[in-house]
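Overview (structure and organization)
Listed below, chain by chain, are the residues.
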Amino acid sequence: MDYGFTEQQQEIVNLARAIAQKKIRPVREHYDQTEEFPWPIVEELRKVGLFGVYLPEEVDGLGGGNLELVLAAEELSKACGGIALCVATSSLCALPILLYGSPELRKKYLPDLATGKKLGAFNITEPGAGSDATATKATAVLQGDHYVVNGIKNFCSTGKDADTYVIFATTNPNRGARGISAFVVEKGTPGFTFGKKEEKMGIRANGTYELVFQNCKIPKENLIYKEGYGLFIAQLTFDYSRPGVAAQAIGIAQGALDETMSYIRQRKQFGQSISSFQAIQHMMADCATQIEAGRALLYATVRAMDASNGPAIRKAMEENKVVADCMNELDTKRWTKESGMVKVFCSDTAMRVATDCVQMCGGIGYMRDFPVEKYMRDAKITQIYEGTNQIQRNEIAMMMIKEAASKSKKDLVAA
Amino acid sequence: MMILCVAEIRHGKLVSSIFELLTAAKAMGQPVAAAVVGGAAASAAADTLKGRGFEKVYVASHASLDGQSDEAYAHALKAIVAQAKPETVLLPASAQWRAVAPRLAVLLGTGLASDVIEATAGADKKVQVVRAAFGGNVLSKIAVKGSPAIVTVRPMSYTRTDASGSGAVENVAIAPAGWKVKTRVTGFAPEAATEVDLAAAEKVVSGGRGLGNPQGFELIRKLAQTLGAAVGASRATVDAGWIPYRHQVGLTGRTVRPRLYVACGISGQIQHLAGMSASDVIVAINTDKDCPMMKLANFAVHGDLNEIIPAIVAEVHKLRGEAPAMAGAKKAYCRASFSRNSAASAAAMPARASAVRMWRASCSARSRATPPTGRSTRSTSSST
Amino acid sequence: MHIVVCVKQTPAATQVPVDAATGKLKTEGLPYGLNPWDEYAIEEAIRIKEKLAGSTVTVLSLGPARAEEAIRAAIALGCDEGAHLVDPSFDGTDNMGSSYLLSLGIRKLNAAKPVGLVLCGKQSNDNESGSVAPALGAWLDWPSVAYVRKFASIDEKLAKIERAAEDGTDSLEVDLPAVVSVIKEINEPRLPSLKGKMNSKKAPVAKWGAAELQAEAAKVSAGGRLEIVGQTPPPPRGGGIVVPGATAQEKAAFVANKLKELKFI
């Protein structure tokens with residue numbers, strides 16, 4: 001379907017597709033098996049400039065928005081959701097710095113993330129704080145010109161392969177949710193080490209690690225925005241980044257279906273191609289329809305988000321301000337509900353489609369030497385990370401109730 | 001009216017391509033002369049040629065012509081052309097002379113057809129050639145105008161003429177100092193002798209995903225060695241790291257046009273077919289009898305390559321045992337330097353008609369019954 | 001160093017239908033792209049540019065209006081600017097005519113900024129003639145080396161080069177300026193960067209016709225030296241046979257006998 005992309009957006013699609021098909025597809029099995037980090041692919045992506053498509057030109061990005069980001073993520077995920085994640089975590093690291101970082105912090109960290117010279121990671125989860133981020137136990141105590149961080153964070157994607165990390169720790173345990181703050185930490189900072197590497201079901205090209213902080217001193221300037229704003233920062237970041245997970249999900253679903261189509265057309269049973277059986281045809285039609293519905297919702301949402309966020313980001317760049325402050329000044333809409341909807345719909349679609357694809361391929365679909373089962377394993381994470389789909393539904397419902405309440409209030413005033 | 005055939009000398013030895021040019025020239029029904037350009041080896045080569053069917057052998061010899069510089073060779077040939085006044089100049093389309101010919105054509109202000117597979121005398125005595133384009137998917141018939149017409153002939157397009165005679169050698173005076181040559185050959189590293197060069201090979205045995213694992217190439221190598229063939233590979237096996245890239249055949253690898261192509265466990269994706277479908281005779285071995293390669297093949301062997309390849313190797317050895325005289329004749333063109341002593345083996349080179357004629361012969365209408373499809377299992381070679 | 005890369009826009013297809021009535025290729029509607037062999041020349045030019053400080057790379061192409069796409073594709077990969085030789089009188093010129101026109105283009109570029117190296121792909125994927133690079137050298141009276149697999153070293157005056165021959169590798173030294181055609185083994189072409197793609201749309205591309213080049217009409221006239229008499233697809237193949245036999249041995253014996261019959265063994 002023609003979604004009316006600009007020339008630049010189409011170039012991003014073409015280039016990401018070329019890398020996905022020429023470079024990633026032949027090696028994805030290798031990285032899935034070995035769980036090595038795909039450095040040669042990262043190098044390719046770096047060279048062509050796919051890391052910073054969504055970042056402003058002021059910080060060495062290409063000047064695109066969220067649509068550019070999701071287009072790249074979708075194309076890369078068509079070949080391998082795990083390798084695509086190695087790019088995606090850099091955006092998850094860059095976004096809090098872009099949205100809430102001071103102009104100085106932006107200047108210090110975003111250019112290297114935009115060019116891919118450095119990889120980024122983002123870590124809010126702790127063993128005791130998953131869906132409930134307010135239970136964060138890691139602490140950051142201000143001592144002179146630096147914070148001293150202690151604690152264990154876990155399930156960090158791109159774990160020890162990143163260079164720049166955004167992490168969350170409480171600066172005031174008495175204030176609960178309002179005591180949590182966000183920091184930028186560089187790899188190699190004394191007191192910052194890596195713990196266990198997880199063994200995962202899917203997205204195995206991207207290592208997931210524990211981050212360990214023992215009296216780790218972080219310069220005071222690496223606090224993002226203000227103390228106590230951690231969860232606001234996380235929320236705004238997720239509003240922006242969840243469509244990226246949706247894009248990964250749509251890519252995985254499409255990739256699985258593409259592989260399935262080429263197999264079922266040549267697979268013969270009962271003397272004919274199995275794609276000629278109606279039972280299979282209905283499954284493939286449902287898969288394609290669901291993918292296209294998800295994609296349409298995804299593109300429509302990120303386009304609306306870009307139109308809405310764009311002016312605040314531009315203003316912040318031009319006037320040397322914090323983007324979140326400009327959003328407040330311009331009364332920019334918050335996208336928690338819509339980005340949650342996109343993530344829920346697309347990731348549920350991915351899981352369903354990938355499962356159906358395994359089914360359509362039959363026995364071979366279940367085997368490791370055929371690519372479809374990997375899509376199914378990779379799809380699962382999209383329903384879980386950056387907020388489980390259950391938490392997403394909570395947020396969507398919460399926003400609906402709020403909107404309904406404010407509407408009835410307005411109606412009351414109008415009456 | 002005369003045709004001048006240019007002899008190639010590599011590292012002091014006359015390359016046998018000159019006798020393919022002799023065949024082509026004789027078929028055009030005009031007097032044939034040879035041109036030899038070189039250093040110390042030139043006069044010996046000229047002596048060989050004058051006794052081998054050339055009426056006249058023009059020699060431009062100078063110590064500076066030992067090195068292989070395109071500029072120097074073009075100038076020397078120009079001097080020979082000025083003296084011999086041929087109507088047509090045939091050169092081997094080797095790496096060296098395919099590059100010399102355009103320089104010669106510019107120096108003479110004439111027309112050039114390169115890498116032709118057939119050259120004939122047209123009605124007006126002008127030379128007409130057939131050459132392939134678009135990866136062998138289009139054959140163009142071209143009249144070469146200008147005098148003399150410069151034509152480079154693809155190796156192995158003609159059989160080698162093994163004639164005798166008593167021609168005359170004529171020296172051509174040259175003055176290399178005036179050419180101001182700016183290229184100097186400083187060294188040479190021969191290709192490892194164990195491997196037949198894929199691009200120039202006249203036989204290729206290729207392996208695909210159907211080999212199952214990297215060790216499968218041991219089988220391929222064994223068959224290749226038995227047949228005197230080069231080893232090729234599908235992209236999937238190269239991508240999987242089973243064999244180095246230089247073996248890859250296809251759109252993103254090398255294009256080959258051997259006389260014999262044996263495809264083992266290669267299903268025949270279009271990208272692969274583009275690199276080898278111009279082969280004269282194709283043998284396919286595959287467990288999937290419906291895959292594109294099996295449909296393309298002249299001889300489609302349905303079965304497990306792990307059984308069939310060793311069996312073919314054994315059968316070939318058996319046949320060789322009955323006809324040991326044939327054993328010597330399996331050198332690829334590029335290594336077959338020629339001397340009196342090796343005349344016997346060169347004469348035993350399989351007769352090769354032009355690529356086109358050969359092709360027609362090998363494809364002559366043989367009907368093929370399509371066996372009913374029974375229970376089909378997924379071929380291990382379905383994804384090359 | 002000023003490096004010139006000659007590129008050609010060619011059909012991005014290997015299957016080109018032939019019109020049986022006219023004997024001409026049906027090129028209408030074919031997708032066109034950079035000649036794949038030229039990608040290696042472009043990559044090598046960019047690598048040399050990255051090595052020799054102050055270098056620039058100019059892309060030169062002869063062809064109809066659409067050939068500008070190939071020039072911009074090369075610029076997207078990292079070349080600096082382009083020159084497009086385009087004129088109705090250039091249509092249908094042969095290998096000698098093409099190389100003559102390109103040599104005139106290089107003379108113009110050389111006059112503006114002396115050229116040290118001209119790089120070409122070893123051949124085009126349509127005509128597969130491989131004659132343009134050596135002919136260019138002759139027209140310019142510069143040395144030429146074809147089928148190069150490696151630049152061992154290069155400076156402003158001298159290139160040390162490895163050339164692939166049938167029996168091995170020749171090492172050569174060549175004084176610059178020179179024309180060099182390269183083969184696939186020389187490098188692995190990069191993909192264009194996004195910024196390069198966007199910049200390529202704005203990069204300057206000069207357009208030179210017969211007047212600007214002061215081309216002699218006789219040297220470029222179509223059919224002057226080569227006249228295409230007819231074109232045909234190769235005779236169809238297929239109709240092969242399924243090798244008979246119940247066992248691997250029987251099938252192998254059949255194949256071995258066929259190989260002997262056809263004098264392969």
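Residues numbered from 1 in each chain as written. Chains lettered and ligands numbered in written order. Predicted model: local features only at pLDDT ≥ 70, side-chain atom pairs only at ≥ 80, totals over all residues. Heavy atoms only, no water.

**Brief notes about helix H1 (residues 7-24) of chain A**
The condition that has to hold: Only DSSP runs of H or I reaching four residues or more are called helices, and only runs of E reaching two or more are called strands; each is numbered from the N terminus. Expected span of a helix: the number of residues minus one, times 1.5 Å. Exposure classes here rest on a 1.4 Å probe applied to the protein chains alone. A residue is buried below 20% of its type maximum, exposed above 50%, and partly exposed in between. The contact rule is simple, with two residues in contact once any of their heavy atoms fall within 4.5 Å.
Spanning 18 residues, H1(A) covers 24 Å between terminal C-alpha atoms, matching the ideal 26 Å at 1.5 Å per step. Taken residue by residue, H1(A) has Gln8(A), Gln9(A), Glu11(A), Ile12(A), Val13(A), Leu15(A), Ala16(A), Ala18(A), Ile19(A), Ala20(A), Lys23(A) and Ile24(A) as its buried positions. Close packing links the buried residues of H1(A) with helix H2 (28-34), helix H3 (39-48), helix H4 (66-79), helix H5 (81-100) and helix H8 (278-319) of chain A together with helix H5 (194-200) of chain C.

**A few points about the packing of helix H3 (residues 70-84) of chain B against helix H4 (residues 95-108) of chain B**
All names here are of chain B. Stated precisely, the cut-off is as follows: Lines are fitted to the C-alpha atoms to define the axes, a helix being fitted only along its stretch in contact, and any angle between axes, read from their N-to-C directions, falls within 0 to 180 degrees. To sort the angles, those under 35 degrees are grouped as roughly parallel, those over 145 as roughly antiparallel, those from 65 to 115 as roughly perpendicular, and the leftovers as oblique. Should the near helix be turned counterclockwise from the far one by less than a right angle, the crossing is left-handed, whereas a clockwise turn marks it as right-handed. Classes in brief: Ala, Val, Leu, Ile, Met, Phe, Trp, Tyr, Cys and Pro nonpolar; Asp, Glu, Lys and Arg charged; the others, Gly included, polar.
Between H3 and H4, whose axes approach to 8 Å, the crossing angle comes to 55°. When the axis of H3 is compared with that of H4, the two are oblique. Between H3 and H4 lies a crossing whose hand is right-handed. Across the interface between the two elements, Asp70, Glu71, Tyr73, Ala74, His75, Leu77, Lys78 and Val81 from H3 touch Gln96, Trp97, Ala99, Val100, Arg103, Leu104, Leu107 and Leu108 from H4. Class assignment for the residues of the contact of H3 with H4 results in 10 nonpolar, two polar and four charged.

**A look at the interface of chain C and chain B**
How big an interface is tends to be stated in terms of accessible area lost as the parts join. The cut-off we apply is this: Note: buried area is the sum, over both parts, of the accessible area (probe 1.4 Å) each one loses when the two are combined. Note on definitions: salt bridges are taken to be side-chain nitrogens of Lys or Arg within 4 Å of carboxyl oxygens of Asp or Glu. A 3.5 Å cut-off defines polar contacts: any pair of N or O atoms within that distance qualifies, except that in protein one atom must be a possible hydrogen donor and the other a possible acceptor, and neighbouring residues in sequence count only when both atoms are side-chain atoms. Strands are labelled as partners when DSSP assigns at least two bridges between them.
Listed per partner, the contact involves 82 residues of chain C and 92 residues of chain B. Both sides of the chain C and chain B interface together cover about 7600 Å² of buried area, and 57% of this is carbon and sulfur. Remark: the boundary between chain C and chain B carries five salt bridges. For the interface between chain C and chain B, the tally reads 32 residue pairs in polar contact (both at pLDDT 80 or more). For the side of chain C that touches chain B, the secondary structure elements donating two or more residues are helix H3 (95-112), helix H4 (132-140), strand E9 (144-154), strand E10 (158-165), strand E11 (168-175), strand E14 (226-232), strand E15 (241-242) and helix H8 (248-261) of chain C. Ranked by the residues each element gives to the side of chain C that touches chain B, the list is headed by H8(C), at 12 residues. Partitioned by chemical class, the residues of the side of chain C that touches chain B number 40 nonpolar, 24 polar and 18 charged. For strand E9 (residues 138-144) of chain B and E14(C), the ladder comprises six bridges, and the chain directions are antiparallel. Each residue of the ladder has a partner; that of Ser140(B), found in E14(C), is Gln231(C).

**Things to note about the domain arrangement of chain A**
All names here are of chain A. Basically, it comes down to this: The start and end points of each domain follow an automatic or database-based domain assignment.
Annotation of chain A at the domain level lists domain 1 (7-119), domain 2 (122-224) and domain 3 (230-410). Centre-to-centre separation of domain 1 and domain 3, based on C-alpha positions: 18 Å. With 33 residues of domain 1 in contact, the opposing surface of domain 3 contributes 42 residues. Where domain 1 abuts domain 3, roughly 3100 Å² becomes buried across the two surfaces, and 62% of that area is made up of carbon and sulfur atoms. Per-residue buried area on domain 1 facing domain 3 is highest for Asn66, Leu99 and Tyr100; these three make up 23% of the total on that side. At the boundary of domain 1 and domain 3, one finds five salt bridges. Between the two partners, domain 1 and domain 3, sit 15 residue pairs in polar contact (both at pLDDT 80 or more). Secondary-structure elements contributing two or more residues to the side of domain 1 that touches domain 3 are H2, H4, H5 and helix H6 (103-115). Considering each element in turn, the side of domain 1 that touches domain 3 owes the most residues, 10 residues, to H4. Residue composition of the side of domain 1 that touches domain 3, grouped by class: 16 nonpolar, eight polar and nine charged.

**Looking at a nonpolar patch on the surface**
Residue and element names in this part refer to chain A. The line we're drawing: In this scheme, patches are assembled from residues that exceed 30% relative accessible area and form no salt bridge. Like charges are connected within 9 Å, while nonpolar side chains (Val, Leu, Ile, Met, Phe, Trp, Tyr) are connected within 5 Å. Only the protein chains shown count as cover for residues, with accessible areas throughout obtained via the Shrake-Rupley method and a probe of 1.4 Å.
On the surface, Leu297, Met341 and Phe345 cluster together into a nonpolar patch covering about 220 Å² of accessible area. Among the secondary structure elements, Met341 is positioned in helix H10 (residues 336-361). We classify Met341 as partly exposed; its relative accessible area is 33%.

**Let's talk about the pattern of salt bridges**
Scanning the model with the defined rule gives 59 salt bridges over all chains in all. In this structure, Arg368(A) and Glu373(A) form a salt bridge, with 3.6 Å as the shortest nitrogen-oxygen distance. For Glu373(A), a relative accessible area of 9% translates into the label buried. Residues Glu315(B) and Lys318(B) are paired through a salt bridge, measuring 3.3 Å at the closest nitrogen-oxygen approach. Placement of both Glu315(B) and Lys318(B) in helix H9 (residues 305-322) is noted, with a separation of three residues, approximately one turn of the helix. Take Glu315(B): its relative accessible area is 13%, and that puts it in the buried class. Connected via shared salt-bridge partners are Asp32(A), Glu35(A), Arg204(A), Arg368(A), Glu373(A) and Arg377(A).

**Points about the pairing of strand E17 (residues 299-302) of chain B**
One ladder, built from four bridges, connects strand E16 (residues 281-286) of chain B with E17(B); its direction is parallel. From the neighbouring strand, Ile285(B) faces E17(B), where its bridge partner is Val301(B). With two bridges joining them, E17(B) and E15(C) adopt parallel strand pairing. Its bridge partner being in E15(C), Ala300(B) is matched across the sheet by Val242(C).

**A short note on the sheet that holds strand E11 (residues 168-171) of chain B**
For sheets, the rule is that strands pair by backbone hydrogen bonds, running either parallel or antiparallel. The strand order across the open sheet built from 10 strands is E11(B)-E5(B)-E4(B)-E1(B)-E6(B)-E10(B)-E7(B)-E8(B)-E9(B)-E14(C), with neighbouring strands paired in mixed fashion. Because the sheet does not close on itself, it has two edges, and the strands there are E11 of chain B together with E14 of chain C. Recorded for the sheet is a direction-independent mean angle of 35° between the axes of neighbouring strands. As paired elements, strand E5 (residues 56-61) of chain B and E11(B) share four bridges and run parallel to each other. When the bridges of E11(B) are listed, Tyr58(B) appears paired with Glu170(B).

**Some points on the sheet that holds strand E12 (residues 183-190) of chain B**
The strand order E12(B)-E11(C)-E10(C)-E9(C)-E12(C)-E8(C)-E1(C)-E6(C)-E7(C)-E13(C) describes an open sheet built from 10 strands, whose pairing is mixed. Both edges of this open sheet fall to E12 of chain B together with strand E13 (205-208) of chain C, since each of them pairs with a single strand only. Pairs of neighbouring strands in the sheet enclose a mean axial angle of 30°, with direction left out of account. Bridge count between E9(C) and E10(C): five bridges; the pairing is antiparallel. Along E10(C), the bridge assignment pairs Val148(C) with Arg163(C).

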